[in-house]
Amino acid sequence: MSGSTPGGAPGSATESGAPAPQVTERPAPQQEGISERALARIFITPSFVVMAAIALFPILYAAYESLFDFTFFTREDFVGLANYVDQLTSPRFWTAVFVTIAFTVVSVTLEFIVGMIFALIMNAAFRGRNVTRAVILLPWVIPTVIAGQKWRYLFEQRPGYINEWLGLGAIDWLGSGASMFWAVVIADWWKTSPFVALLLLAGLQTIPQETYEAAKVDGATWWQRFRNVTLPLLAPSIVVALLFRSVDALRIFDLADVMTNARLETLSVLAQRSIVRDPQPDVANALAVLTFILIMGIGLLFISLMGRDVVGDPEEGS
Amino acid sequence: MSVSRSQGAPSHAASAPPVERPSTARATTTSAASQPRRSRSRLPRPRRILGTTGTYVAAIVLGVFSAFPFVWMVLTGLKPNPEIFTATPVFIPSEITHLRFVEVLTGDFTLYLRNSLIVTTSVVVLTVAVSASAGWVLARFAIPMRRYLLILILSAQMFPFVVLLIPLFIVMRELGLIGTYPGLIIAYLSFSTPLVVWILRGFFKSIPVDLEEAAMVDGASRAGAFRRIVLPLSLPGIAATSVYAFIFAWNEFLFALSFNRNSPEMHTLPVALQQFIGREGTDWGMIMAASVIFTVPVLVFFLFLHRRMTEGMVIGATKG
């Protein structure tokens with residue numbers, strides 16, 4: 001995939017400067033100089049070149065390498081799909097899939113709710129709003145490794161703040177199982193809600209104030225205005241925020257690694273382990289490709305369910 | 001911007017039956033349509049106070065929730081060493097030591113700060129430039145397979161981060177970019193671009209094409225209309241996505257460490273921060289002091305952009 005594809009059309013009309021019928025929604029006044037299609041191509045090329053070099057190559061590389069057997073980092077025999085079969089028949093893999101998906105569903109839901117509240121507050125006018133906006137962003141700004149350490153100390157068994165403050169005795173939150181899962185969810189919830197808030201805030205700011213005024217005049221309560229004005233107009237931002245959060249949450253690694261010493265095994269934790277802690281590139285590559293397929297599948301499902309107006313054509317949108 | 005946005009407060013929703021609204025409000029609002037700037041809230045006074053109070057209470061509660069670990073970091077950075085690890089947690093230090101902050105700021109800190117600033121500002125500027133142009137094309141032009149292009153952009157974010165490391169390292173080594181600023185900048189660019197393309201595309205789509213066409217009737221080129229009409233109207237989106245790109249590039253650790261492993265003079269702040277952890281036992285007081293200083297530039301950047309976000313809102317308000 002190179003820069004030539006995105007410009008798109010197999011076109012001899014490209015250089016001629018003739019307004020091809022499908023280029024704009026409406027025939028715009030044709031300017032002298034470069035054609036619209038050439039303009040589009042110039043504008044879109046840089047991002048796709050970067051994407052292709054940086055994103056596509058690693059994926060193809062991993063996909064290729066995943067077909068071989070490895071001893072440490074030395075590639076040996078071609079083994080076809082054997083690495084995949086190994087993973088797909090391993091209970092550990094399926095547990096990781098389950099943990100990853102559960103984590104994503106729970107944390108993205110919680111982050112969306114709190115992010116929405118944050119965004120509404122950040123968008124409200126009151127004295128001290130600037131400071132509040134900055135403060136709300138704080139958790140996202142703190143480096144994940146440091147934040148993970150802080151949360152780890154909060155949940156720690158012995159000098160743990162949470163056990164101490166809530167008078168819970170010596171509960172080993174990060175020891176195993178469900179409590180470990182929830183501890184990481186809470187930390188991620190705290191850390192990433194501001195990100196959702198920022199995306200939703202940007203969307204909120206495009207909603208014309210007059211729309212609210214009109215709804216208010218018609219006697220709409222706050223909730224009705226939220227339901228019938230804010231949510232529909234915010235829908236594109238919401239879909240983008242949920243999609244990117246989900247894609248990101250499906251790759252959760254840092255917090256799980258720092259807080260639980262990688263005992264909470266998500267797909268990325270498994271992949272990281274097979275690269276760093278216990279080098280098995282064949283396993284790592286197969287895991288990466290499987291993770292990619294999983295996330296791509298979920299992403300496509302998500303887009304086909306909710307994102308019609310987000311990825312749709314300009315003709316049908318807006 | 002107008003005060004009327006205070007209706008965001010969740011708490012005044014339940015207690016406010018719509019009947020309370022004075023009937024004079026209707027007349028006022030009809031005229032307000034012609035002068036959108038003067039859109040003060042027409043809520044009756046008690047409700048407005050309730051709404052404002054609700055906003056404040058919510059803001060304070062959520063502020064504490066967000067700020068708590070940061071405050072804790074500041075306090076840990078100021079604590080004398082024996083109080084950092086204790087059987088029962090000590091939250092408020094008994095005495096204050098500012099020496100760690102001094103120690104962090106002297107030393108090599110300025111070098112790493114410079115590296116981080118160069119990389120991060122380049123990433124922000126390039127991300128916005130590259131993504132805005134791509135986002136506009138994807139919003140306005142009927143490109144074949146647009147849906148799949150959008151998903152392709154996303155695909156970079158569907159791969160476990162660690163697994164990208166080895167192939168990317170190979171790419172960068174072939175290009176001779178290991179241990180240079182452009183190496184990191186290009187890598188970060190590819191991670192920050194997808195989200196920004198998607199978001200800005202949404203903003204551009206929400207701006208009526210008529211505005212662009214009007215500008216073109218007045219003699220602007222298509223690209224000129226984009227630059228003079230569409231971009232300014234999208235300032236809130238550009239500001240928000242800049243903050244996103246800034247925070248991402250500012251915080252990234254894994255690639256910064258691996259690409260510059262053999263050139264310590266190129267290290268960015270997160271890598272420098274991490275090295276406090278390994279050095280002769282972990283000095284948590286130092287790490288916390290360094291982390292606090294580490295977060296300050298992001299907040300400065302955000303407050304700087306904040307004005308832009310508000311300006312965008314004003315423009316947005318006049319367009320309706």
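Residues numbered from 1 in each chain as written. Chains lettered and ligands numbered in written order. Predicted model: local features only at pLDDT ≥ 70, side-chain atom pairs only at ≥ 80, totals over all residues. Heavy atoms only, no water.

### Looking at the overall build of chain A
For step 1, the next point in the chain: Of the regular secondary structure elements, chain A holds 13 helices and two strands.
For step 2, the next point in the chain: Within chain A, buried positions represent 57% of all 318 residues.
For step 3, the next point in the chain: For chain A, contacts bridging at least 24 residues in sequence account for 65% of all contacts bridging at least 6.
For step 4, the next point in the chain: About 13200 Å² of surface is accessible on chain A, with carbon and sulfur atoms providing 64% of the total. (Helix = DSSP H or I, 4+ residues; strand = E, 2+ residues; numbered from the N terminus. Buried < 20%, exposed > 50% of the residue type's maximum accessible area, 1.4 Å probe, protein only. Contact = heavy atoms within 4.5 Å. Areas by Shrake-Rupley, 256 points an atom, 1.4 Å probe, with all protein chains shown as cover.)

### Describing the packing of helix 5 (residues 109-140) of chain B against helix 10 (residues 222-233) of chain B
Residue and element names in this part refer to chain B.
For step 1, the next point in the chain: Relative to each other, helix 5 and helix 10 sit at 105°, their axes nearing to 12 Å. Relative to helix 10, the element helix 5 lies roughly perpendicular. Here helix 5 contributes Ala132, Ser133, Trp136 and Arg140 to the contact with helix 10, which in turn contributes Arg222, Phe226, Val230 and Leu231.
For step 2, the next point in the chain: Here the contact of helix 5 with helix 10 is composed, by residue class, of five nonpolar, one polar and two charged. (Axes fitted to C-alpha atoms, helices over the stretch in contact; angles between N-to-C directions. Parallel < 35°, antiparallel > 145°, perpendicular 65-115°, else oblique. Nonpolar A, V, L, I, M, F, W, Y, C, P; charged D, E, K, R; others polar.)

### With respect to a nonpolar patch on the surface
Residue and element names in this part refer to chain A.
For step 1, the next point in the chain: The grouping of Leu301, Leu305 and Met306 at the surface amounts to a nonpolar patch, some 320 Å² of accessible area in total.
For step 2, the next point in the chain: Tracing the chain through its elements places Leu301 in helix 12 (residues 281-306).
For step 3, the next point in the chain: Leu301 sits in the exposed class, given a relative accessible area of 51%. (Patch = residues over 30% accessible without salt bridge, like charges linked within 9 Å, V, L, I, M, F, W, Y side chains within 5 Å. Salt bridge = Lys/Arg side-chain N within 4 Å of Asp/Glu carboxyl O.)

### Observations concerning helix 5 (residues 144-155) of chain A
For step 1, the next point in the chain: With twelve residues, helix 5 of chain A ought to run about 16 Å at 1.5 Å a step, and its terminal C-alpha atoms sit 16 Å apart, in line with that.
For step 2, the next point in the chain: Considered for burial, the residues of helix 5 of chain A that qualify are Ile146, Ala147, Gly148, Gln149, Lys150, Trp151, Leu154 and Phe155 of chain A. (Expected span 1.5 Å × (residues − 1).)

### What to know about the confidence of the model for chain B
For step 1, the next point in the chain: Predicted confidence across chain B gives a mean pLDDT of 75, with 75% of residues reaching 70 or more.
For step 2, the next point in the chain: Confidence over residues 312-320 of chain B falls short of pLDDT 50; this stretch has 19 contacts with residues more than four positions distant or in other chains. (pLDDT = per-residue confidence, 0-100.)

### Things to note about helix 11 (residues 267-277) of chain A
What sets the pattern is the α-helix's 3.6 residues per turn: residues three or four places apart point alike.
For step 1, the next point in the chain: Most of helix 11 of chain A is tucked away, with eight of its eleven residues classed as buried.
For step 2, the next point in the chain: Where helix 11 of chain A is concerned, the buried positions are Leu267, Ser268, Val269, Leu270, Ala271, Gln272, Ser274 and Ile275 of chain A.
For step 3, the next point in the chain: Check the buried side of helix 11 of chain A and you find it contacts helix 3 (91-123), helix 10 (254-260) and helix 12 of chain A together with helix 7 (161-174) of chain B.

### A short note on the side chain of Thr100 of chain A
Residue and element names in this part refer to chain A.
For step 1, the next point in the chain: Within the fold, Thr100 resides in helix 3.
For step 2, the next point in the chain: In terms of polar contacts, Thr100 uses its side chain to reach the backbone carbonyl oxygen of Ala96, at 2.6 Å.
For step 3, the next point in the chain: At 3.0 Å, the side chain of Thr100 and the backbone nitrogen of Leu267 are in polar contact.
For step 4, the next point in the chain: Those residues within four positions of Thr100 in sequence are excluded, and the remaining contacts are Leu250, Thr266 and Leu267. (Polar contact = N/O pair within 3.5 Å; in protein donor to acceptor, adjacent residues only side chain to side chain.)

### Structural notes on the packing of aromatic side chains
For any pair of aromatic rings, the description consists of the separation of the ring centres together with the inter-plane angle of the planes.
For step 1, the next point in the chain: Summed over the entire model, instances satisfying the criterion amount to 28 aromatic pairs over all chains.
For step 2, the next point in the chain: Considering the side-chain rings of Trp222 of chain A and Trp223 of chain A, the 6.3 Å spacing of their centres and the 35° angle between planes classify their relative orientation as tilted.
For step 3, the next point in the chain: Ring centres of Phe191 of chain B and Phe248 of chain B lie 6.1 Å apart, and the angle between their planes is 65°; this geometry places the pair in the edge-to-face category. Within this pair, whereas Phe191 of chain B is found in helix 8 (residues 181-206), its partner Phe248 of chain B is found in helix 11 (residues 235-251), the two being separated by 57 residues in sequence.
For step 4, the next point in the chain: The class of Phe248 of chain B is buried, set by a relative accessible area of 19%.
For step 5, the next point in the chain: Among the aromatic residues, those joined into a ring-pair cluster are Phe169, Tyr188, Phe191, Phe248, Phe255 and Phe259 of chain B. (Phe/Tyr/Trp six-rings, centres within 6.5 Å; stacked < 30°, edge-to-face > 60°.)

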